[in-house]
Amino acid sequence: MQVGHGNQAGAGMGLANSQLLSIDILVGIGNICLLLILIVMYLQSYREFKSKFTFGLLAFALLLLLQNVLFTGFLLYYQGFRGPGMGTPIFFLNIIEFFAFLVLIWVTRV
């Protein structure tokens, strides 16, 4: 017996999976932009203070940038990566990450 929601299988929040994945790509690009801002801020701070902590923040941001570039690239170019129902979980993860980066930028600038 198959359990499903008829035509909405794989959809979330009233949007088709392909629509959510398109939004996910845009949010992923936003995450990349926010990470680039953070990297510039951390690099300026590291040049001024030369602290291990600032270097760690810079390395962390660079690794997150790599992860976001790869992940967004997979969403753009690999159709097999776009399984049914992936749109909603990816959307929420990307949105949470986006706001986390905004908080880091806000805390770093204050």
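Provided above is the structure to which this section pertains.
Cut-offs applied
- Residues numbered from 1 in each chain as written.
- Predicted model: local features only at pLDDT ≥ 70, side-chain atom pairs only at ≥ 80, totals over all residues.
- Heavy atoms only, no water.
- Helix = DSSP H or I, 4+ residues; strand = E, 2+ residues; numbered from the N terminus.
- Expected span 1.5 Å × (residues − 1).
- Phe/Tyr/Trp six-rings, centres within 6.5 Å; stacked < 30°, edge-to-face > 60°.
- Buried < 20%, exposed > 50% of the residue type's maximum accessible area, 1.4 Å probe, protein only.
- Axes fitted to C-alpha atoms, helices over the stretch in contact; angles between N-to-C directions.
- Parallel < 35°, antiparallel > 145°, perpendicular 65-115°, else oblique.
- Left-handed = near helix turned anticlockwise from the far one by under 90°.
- Contact = heavy atoms within 4.5 Å.
- Nonpolar A, V, L, I, M, F, W, Y, C, P; charged D, E, K, R; others polar.
- Core = buried A, V, L, I, M, F, W, Y, C linked by side-chain atoms within 4.5 Å.

Before going further, it helps to examine helix α1 (residues 17–49). Between its first and last C-alpha, α1 extends 46 Å over 33 residues, near the 48 Å set by a 1.5 Å rise per residue. Following α1 by one or two positions, Lys50 adopts a phi angle in the positive range, close to 55 degrees.

Taken as a whole and judged by the stated rule, the model has three aromatic pairs. A centroid spacing of 5.7 Å and a plane angle of 55 degrees characterise the contact between Tyr46 and Phe55, whose relative ring orientation is tilted. Accessibility expressed as a relative area gives 47% for Phe55, which makes it partly exposed. Ring centres of Phe91 and Phe92 lie 5.4 Å apart, and the angle between their planes is 70 degrees; on these two criteria the pair is classed as edge-to-face. You can call Phe91 buried: its relative accessible area is 15%. A relative accessible area of 41% places Phe92 in the partly exposed class.

This next bit is on the packing of helix α2 (residues 52–77) against helix α3 (residues 87–109). At a closest axis distance of 13 Å, the pairing of α2 and α3 adopts a crossing angle of 150 degrees. With respect to α3, the element α2 is oriented roughly antiparallel. For α2 against α3, the interelement crossing comes out left-handed. Only Ile90, Asn94, Glu97 and Phe101 of α3 make contact with α2, whose side of the interface consists of Leu64, Gln67, Asn68, Phe71 and Leu75. Tallied by class, residues from the contact of α2 with α3 come to five nonpolar, three polar and one charged.

What follows deals with the packing of α1 against α3. Here α1 crosses α3 at 20 degrees, and the two axes come no closer than 9 Å. Regarding the angle of α1 to α3, the classification is roughly parallel. As for how α1 packs across α3, the hand of that crossing is left-handed. Residues that form the contact of α1 with α3 fall into these classes: 18 nonpolar, eight polar and three charged.

Right, let's get into the nonpolar core. Ranked by size, the top nonpolar core spans 13 residues in total, and within it Leu35, Leu38 and Phe101 carry the most contacts. Listed by contribution, the elements that provide at least two residues to this core are α1, α2 and α3. Here this core takes seven residues from α1, the largest share from any one element. Setting aside residues up to four positions removed in sequence, Phe101 forms contacts with Asn31, Leu34, Leu35, Leu38, Leu64 and Asn68.

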